[in-house]
Amino acid sequence: MDRIGRRWPAYAGVVPWALLVLGIVMDLATPREVSGGPLIVLACVASGVIMSFRATLRLVLVAFVAELLTGFWESGTAWAQQFVDLAYVVVAGALGLDLNRLVIRYGRRITEVRTVAESVQLALLPEPPVRLAGYDIAASYRAAQTEARIGGDLYAVHDSPWGLRVFIGDVRGKGMGAVSTVALLLGAFREAAEDVPTLEALGARLDRRLAREAPGLGEELEIEGSPPPSSPSFRTAAGWCGC
């Protein structure tokens, strides 16, 4: 992940170069009392956050050469002032490159975390079969936050001896605690759906399992069931599981 510009709009990469050009023009077209150095320094730092490492390095080198040449162009400028301006560019360039390194490292860690989260989410909530027990099945999971890849929502379908069972829930809380509760409930649902003939008894068993193994947590759930496909009716039981 050397390039971090994907997190910025396409035009953002032009901003550091525009600041650099503007700073050079100010140095050349204005009296010696007016300096474009601050804009050049800002361009070096901004490039480290917005652009890739190589692009940042190129901009820093161009800024250093430009500052050196403008110092020769303004022959009346004291050597001490030219040295200070060059030092500003060097420090700003080093800061920009270091910021770029930190941002890239942070981006790689975020990518790794998101990849693990997606794998966990897929393991917990796999895509259901497109058809089960005579019914068409479809599911779509979208987290409330755009960057989130894992949360406390859950769903499951199971073809039991007593008809199709559909489990939909929302775990209270977030993070790994919510994920462990999701795993607990999904496992309990798949086990109980094979043994419990009624939805009320199935909900009661999930409630006891959650109260025993995750006290203090809760889940808003809905369990739907159907008799064999020959009958079109569904039976539904909804409530609060846990305490």
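Residues numbered from 1 in each chain as written. Predicted model: local features only at pLDDT ≥ 70, side-chain atom pairs only at ≥ 80, totals over all residues. Heavy atoms only, no water.

Looking now at the pattern of salt bridges. Pairs can form between side chains of opposite charge once their charged atoms are near each other. Going through the model one piece at a time under the given rule, you end up with four salt bridges. One salt bridge in this structure joins Arg101 and Asp98, with 2.5 Å as the shortest N-O distance. Of this pair, Arg101 and Asp98 both sit in helix 4 (residues 79–124), three residues apart, which is roughly one turn of the helix. Owing to a relative accessible area of 32%, Asp98 belongs among the partly exposed residues under this scheme. (Salt bridge = Lys/Arg side-chain N within 4 Å of Asp/Glu carboxyl O. Helix = DSSP H or I, 4+ residues; strand = E, 2+ residues; numbered from the N terminus. Buried < 20%, exposed > 50% of the residue type's maximum accessible area, 1.4 Å probe, protein only.)

Once that is clear, we can look at the nonpolar core. Within the largest apolar cluster, 21 residues are counted, with the highest numbers of intra-cluster contacts made by Leu154, Phe167, Leu185, Leu186 and Phe189. Elements supplying a minimum of two residues to this core: strand 3 (153–160), strand 4 (163–171), helix 5 (175–193) and helix 6 (199–213). Counting residues per element, this core draws most heavily on helix 5, which supplies 10 residues. With 16 residues, the next largest nonpolar core counts Ala12, Leu19, Leu20 and Ala43 among its residues. (Core = buried A, V, L, I, M, F, W, Y, C linked by side-chain atoms within 4.5 Å.)

By themselves, these are just geometric observations and shouldn't be taken as functional.
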